Amino acid sequence: MTHLEILQIAKTAISIEISELESLKQRIDENFLKAVEIINSSKGKLIIVGIGKSAHVGNKIVATLNSTGTPSQFLHASEALHGDLGVIQKTDVVLCISNSGNSPEIVNLLPFLKDYSSALIGMTGNLNSKLAEFSAVILDSSVKKEACPIKLAPTSSTTVQMALGDALAVCLMEMNNFKESDFAKFHPGGSLGKNLTAKVDQFLSSQKPQVSENANIREIIISISSSSHGITVVTEQDQIIGVITDGDLRRMLMSDQDVSKISAKDIMSKSPKSIDKNALAKEAMAILKDKNIGQLIVTENDKYFGIIDIHRLLDEGII
């Protein structure tokens, strides 16, 4: 098989799935609205039931819902028949996913799912199935063609199921006015959480170089060399009055000035950029990028508190 033929197979598979998603978009109707309203008004959680490939889809939908403010739990159809039905409370809503709607495990479960919950929503590709019969609301996930070349492996059907789950999650987010700050509460770890919640003082350097405005060249060189930042802050009783970088120092040494008479106030840059220690780390990164600088002075109550370095932020996934 040639490379061109392989690429064409891939494109055909994607085209088939796009076509099925377009069909899904056209048939979103009152049943979808009812499902969203039932879930949104529930006093309990959303239990998603599935088996086989639908189980994998269900787990993904649960993860999306939990991270966007809709408490959810996955229940495997086989395990449900052997004790796990106890997870369902009368205040819960059940969303059962099955392409055929007639899988034996699903069919055996249906009376219990309906009786134990406040409402049973079915997501199925077979509107004449047992799942459809038992469900208060049916989400039509039918497809005309699987992307699989032998038309057997769930491909288009699972894509449509996933898209319906995402649509539910997005609608519920909007209805509940779910914001970035809410999202951050459920994502405290990793790059996402850090960018939404991490404060400047979490990434503060352990080094705090500073000199007085009357410091001589030797004192300035020692201060800059004492840290890895190539910078020292000129202060007066912890009030920031300027900053000196190793670049400032080199430019001064290359000039014709009498080094013995130079003090910090003669070569410092006044009004340096700074940020409060309680600001978001991503705000510090925005300033560093905008001004094309490597370090930013951190303040507390407008007084010198420390330094934050762009490399530390990058290492921590702040962007």
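What you are looking at is a predicted structure, and each value in this text was computed from that prediction instead of being measured.

### Some remarks on helix α7 (residues 156-175)
- Compared with the 28 Å implied by 1.5 Å per residue over 20 residues, the 29 Å span of α7 between its first and last C-alpha is a close match.
- Along α7, the residues classified as buried are S156, S157, T158, V160, Q161, L164, G165, L168, A169 and L172.
- Those residues of α7 hidden inside the fold are in contact with α1 (3-27), α2 (30-41), α3 (53-67), β3 (93-98), β4 (119-124) and β5 (137-140).
- One or two residues past the end of α7 sits N177, with phi positive at roughly 55 degrees.

### Describing the UniProt feature "domain: CBS" (unreviewed entry) in the protein
- The sites that carry the UniProt feature "domain: CBS" (unreviewed entry) are, in the present numbering, residues 204-259 and 268-319.
- The annotated region residues 268-319 carries 33% helix and 31% strand content, and the separation between its end C-alpha atoms amounts to 29 Å.

### Details of the packing of aromatic side chains
- Inspection of the entire model under this criterion finds 1 aromatic pair.
- With a centroid separation of 6.0 Å and an interplanar angle of 55 degrees, the aromatic rings of F112 and Y116 are classed as tilted. Of this pair, F112 and Y116 are both found in helix α5 (residues 104-116), 4 residues apart, which corresponds to roughly one turn of the helix.
- For F112, a relative accessible area of 34% translates into the label partly exposed.
- A cation sits over an aromatic face here: K208 above Y304, 5.1 Å from the ring centre.

### Considerations on the pairing of strand β10 (residues 295-300)
- Relative to β10, strand β9 (residues 274-276) runs parallel, the two being bridged by 3 bridges. Among the inter-strand pairings, D276 is bridged to a residue of β10, identified as T299.
- In textbook terms, the turn of a hairpin is the stretch between consecutive antiparallel strands, and for β10 and strand β11 (residues 303-309) this stretch comprises 2 residues, one of which, N301, has a positive phi near 55 degrees.

### Some remarks on the nonpolar core
- Counting 25 residues, the largest nonpolar core has I48, L95, I121, L139 and L168 as its most contacted members.
- Mapped onto this core, the elements with two or more residues apiece are α2, β1 (46-50), α3, β3, β4, β5 and α7.
- Ignoring anything within four residues of it in the chain, the contact list for L168 reads F32, A35, V36, I39, L95 and L139.
- Judged by nonpolar contacts, the second largest core, of 16 residues, contains I88, V94, C96 and L110.

Conventions and cut-offs
Residues numbered from 1 in each chain as written. Predicted model: local features only at pLDDT ≥ 70, side-chain atom pairs only at ≥ 80, totals over all residues. Heavy atoms only, no water. Helix = DSSP H or I, 4+ residues; strand = E, 2+ residues; numbered from the N terminus. Expected span 1.5 Å × (residues − 1). Buried < 20%, exposed > 50% of the residue type's maximum accessible area, 1.4 Å probe, protein only. Contact = heavy atoms within 4.5 Å. UniProt positions renumbered as here; feature names shortened; annotations may be inferred. Phe/Tyr/Trp six-rings, centres within 6.5 Å; stacked < 30°, edge-to-face > 60°. Lys NZ or Arg CZ within 6 Å of the ring centre and 35° of its normal. Pairing = 2+ DSSP bridges. Core = buried A, V, L, I, M, F, W, Y, C linked by side-chain atoms within 4.5 Å.

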